[in-house]
Amino acid sequence: MPSPLISALRAYVRHAPPALAHAPLIRYLDQALARGPRTTIARTRDGDLTAVTTSDLIQRFLYLHGVWEPHLTAWIRGRLAPGDTFIDVGAHTGYYTLLASRLVGAAGSVVAIEASPAFHAILEEALRRNACHNVRTANVAAADTTRTLTLYLQDEANLGNTSAVQPRTSHSSFQVDARPLPEILHPEELATARLIKIDVEGAEASLMKGLAPTLGHLRADAELVIEVTPRSLSKQGQSVHDVLDPLRAHGFHTYRIANDYDPTSYPSAVRRPAAPVRWDGPITEMSDIVFSRIDADHLGGSAPSTTGSQAADHPSSP
């Protein structure tokens, strides 16, 4: 499909009312961008410029929709305020880091922790591109002890799925330094953190073991968002309770936030994001869980989503 036509159809999908953003068109675009990747600079709905290659799932959704995980994105928008501290563990190429940098402003701070040297380099380039001066980065893995970890990339079409859990087959692997999260963070960063986001692809129980001794030092209104992966945990002889129990012991309640990786769900989710809902049942599949000391049926505070502008098209390769 010619590039101008793809750009025009993408603009239509982004800005048309959900009822008019037909699912077959979205699926067609998603498949076309996966089969014939575009490398460009895209603008998110929050105004951040990010490098994308559309063979990768996350980058393709950012190019097509201008947002990743719209329910979680909207909730974070409503949670962070100027002057806050945001900790992004497993920052990948920086989508949430860039978002938080805008939200907390010059008086706030962001710490972006990314184990992959390749992703860390892309993250730092994104910070320079967007003139984010309130972000500190760390190229290290968060774990329970100081050691060396081997990380595996299972599928090059989903670069976010880089994990310490060895798959049956892997595209590549590399070794990284790992330390407990309280040793990666400065004491004031941990003490002032308003929101800690953790997406470490199966290493969340190990990370929590290292973080647990300091949970009592978090500010009273601190909240955490953790991607919990039961299958990956069980492969390591761990369970969901290794993540949940230390937090519940410190007065945190659990909430589940909707997350659908079907590209056709994005137009409606962008315009009507759902707040996290109390979750006391079992967690049997990969889920984004919010931990808060607020005791309620759901966690409000999601600000209305911004409509943003059409993503820029500046190919970075001929």
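Residue numbers restart at each chain and count upward from 1, following the sequence in its written direction. Restriction of local features to residues with pLDDT of at least 70 applies here, the model being predicted, together with a cutoff of 80 or more for giving and counting side-chain atom pairs; totals for whole chains, interfaces and linings are based on all residues. As a rule here, side-chain values cover all heavy atoms of the structure and leave hydrogens and water aside.

1. Notes on the sheet that holds strand β14 (residues 287–292)
Two pairing modes exist for strands in a sheet, parallel and antiparallel, and in both the strands are linked by backbone hydrogen bonds. One open sheet accounts for 8 strands, arranged β5-β4-β3-β10-β11-β14-β12-β13; its pairing is mixed. Among the strands making up the open sheet, the edge pair consists of β5 (135–138) and β13 (277–278). We call two residues in contact whenever any of their non-hydrogen atoms come within 4.5 Å of each other. Fitted lines through C-alpha atoms serve as axes, helices being fitted only where they are in contact, and the angles separating the N-to-C directions of these axes extend from 0 to 180 degrees. Each helix corresponds to a stretch of at least 4 residues labelled H or I by DSSP, and each strand to a stretch of at least 2 residues labelled E; elements are numbered beginning at the N terminus. Packed on one face of the sheet, helix α6 (residues 117–129) meets β4 (109–113) and β5 and runs near 170° to β5. Together, β11 (223–228), β12 (253–257) and β14 form the strand contacts of helix α11 (residues 241–249), whose direction differs from that of β11 by roughly 165°. Strand pairing follows a simple DSSP-based rule, namely that at least 2 bridges must link the two strands.

2. Structural notes on the environment of Val 270
For Val 270, the location among the structural elements is in helix α12 (residues 266–271). For the pair Val 270 and Arg 14, spaced 256 residues apart in the sequence, the C-alpha separation amounts to 9.4 Å.

3. Description of empty space enclosed by the protein
A cavity here means a set of points on a 1 Å grid, drawn over the protein atoms and nothing else, where a 1.4 Å probe fits but cannot get out; a pocket is an open set with protein on both sides within 12 Å along at least five of seven lines, and a residue lines either one if it has an atom within 4 Å of a point. Grid points are joined across faces, edges and corners, and a volume is the space filled by probe spheres set on the points. Scanning all chains against the criterion turns up 2 cavities of 30 Å³ or more. Lining the largest cavity are Glu 69, Leu 72, Lys 197, Ile 198, Asp 199, Val 225, Ile 226, Glu 227 and Asp 288. Elements with a minimum of two residues in the lining of the largest cavity: β10 (193–198) and β11. When residues of the lining of the largest cavity are assigned to their parent elements, the largest contribution, 3 residues, is made by β11. Its residues assigned to classes, the lining of the largest cavity comprises 4 nonpolar, no polar and 5 charged. Amino acids outside the nonpolar list (Ala, Val, Leu, Ile, Met, Phe, Trp, Tyr, Cys, Pro) and the charged list (Asp, Glu, Lys, Arg) are all regarded as polar, and Gly is one of them.

4. Considerations on the pairing of β14
Most of β14 is tucked away, with 6 of its 6 residues classed as buried. Here β11 pairs with β14 via 5 bridges, running antiparallel. Pairing of Ile 226 across the sheet is with Ile 289, part of β14. The pairing of β12 with β14 spans 5 bridges and is classified as antiparallel. What sits directly across from Thr 254, in β14, is Phe 291. Three labels apply to residues, based on accessible area from a 1.4 Å probe with only protein chains included: buried if under 20% of the type maximum, exposed if over 50%, partly exposed otherwise in between.

5. Comments concerning the packing of helix α2 (residues 23–35) against helix α3 (residues 57–65)
Packing of α2 against α3 leaves a shortest axis separation of 10 Å and a crossing angle of 130°. One finds that α2 runs oblique with respect to α3. Between α2 and α3 lies a crossing of right-handed hand. Where α2 abuts α3, its residues Ile 26, Leu 29, Asp 30, Leu 33 and Ala 34 lie against Arg 60, Phe 61, Tyr 63, Leu 64 and His 65. Taken together, the residues of the contact of α2 with α3 break down into 7 nonpolar, 1 polar and 2 charged. Just so you know how the angles are binned, under 35 degrees is roughly parallel, over 145 roughly antiparallel, 65 to 115 roughly perpendicular, and the rest oblique. The crossing is said to be left-handed when, going from far helix to near helix, the turn is anticlockwise and less than a right angle, and right-handed when the turn is clockwise.

6. Topic: the packing of helix α9 (residues 204–211) against α11
Running from N to C, α9 and α11 point in directions that differ by 30°, and their axes come no closer than 8 Å. Comparing the axis directions of α9 and α11 gives the class roughly parallel. Like other packed secondary-structure pairs, α9 and α11 cross with a definite hand, here left-handed. Contacts between α9 and α11 involve Glu 204, Ala 205 and Met 208 on the former and, on the latter, Asp 242, Val 243, Pro 246 and Leu 247.

7. Considerations on α6
Since there are 3.6 residues in each turn of an α-helix, residues three or four apart along the chain are aligned in direction. Between the first and last residue of a helix there are one fewer steps than residues, each counted as 1.5 Å, and that sum is the expected span. For α6, which comprises 13 residues, the first-to-last C-alpha distance of 18 Å matches the rise-based estimate of 18 Å (1.5 Å per residue) to within 8%. Burial in α6 covers these residues: Phe 119, His 120, Leu 123, Ala 126 and Leu 127. Viewed end-on, α6 has its buried residues packed into an arc of 120°, placing them on one side of the element. Immediately downstream of α6, the backbone of Ala 131 shows phi near 55°, a positive value. By definition, the arc is the one covered by directions from the helix axis to the C-beta atoms.

8. Describing the nonpolar core
If you look at the biggest cluster of nonpolar residues, it comprises 43 residues, and the most contacted ones within it are Trp 68, Trp 75, Ile 76 and Tyr 96. Sequence-distant contacts of Tyr 96, that is, excluding residues within four places in its chain, are made with Trp 68, Glu 69, Leu 72, Thr 73, Ile 76, Phe 86, Asp 88 and Lys 197. Think of a nonpolar core as a cluster: buried Ala, Val, Leu, Ile, Met, Phe, Trp, Tyr and Cys residues, connected wherever their side-chain atoms sit within 4.5 Å.

9. Some thoughts on the environment of Arg 194
Residue position: Arg 194 is located in strand β10. C-alpha of Arg 194 to C-alpha of Leu 224: the two residues are 30 residues apart in sequence and 8.5 Å apart in space. When residues no more than four places from it in sequence are discounted, the contact partners of Arg 194 are Arg 79, Leu 80, Asp 84, Thr 85, Arg 219, Asp 221, Ala 222 and Glu 223. We call two N or O atoms a polar contact when they sit within 3.5 Å, provided that within protein one can donate a hydrogen and the other can accept it, with sequence-adjacent residues counted only if both atoms are side-chain atoms. Only 3.0 Å separates the side chain of Arg 194 from the side chain of Glu 223, close enough to count as a polar contact.

10. A short note on helix α4 (residues 70–79)
Across the 10 residues of α4, 9 count as buried, placing the element largely inside the fold. Looking at α4, one finds that the buried residues are Pro 70, His 71, Leu 72, Thr 73, Ala 74, Trp 75, Ile 76, Arg 77 and Arg 79. Tucked into the core, α4 has its buried residues touching α5 (95–104), β10, β11, β12, α12 and β14.

In short, the description is geometric, and any link to function would need to be established separately.
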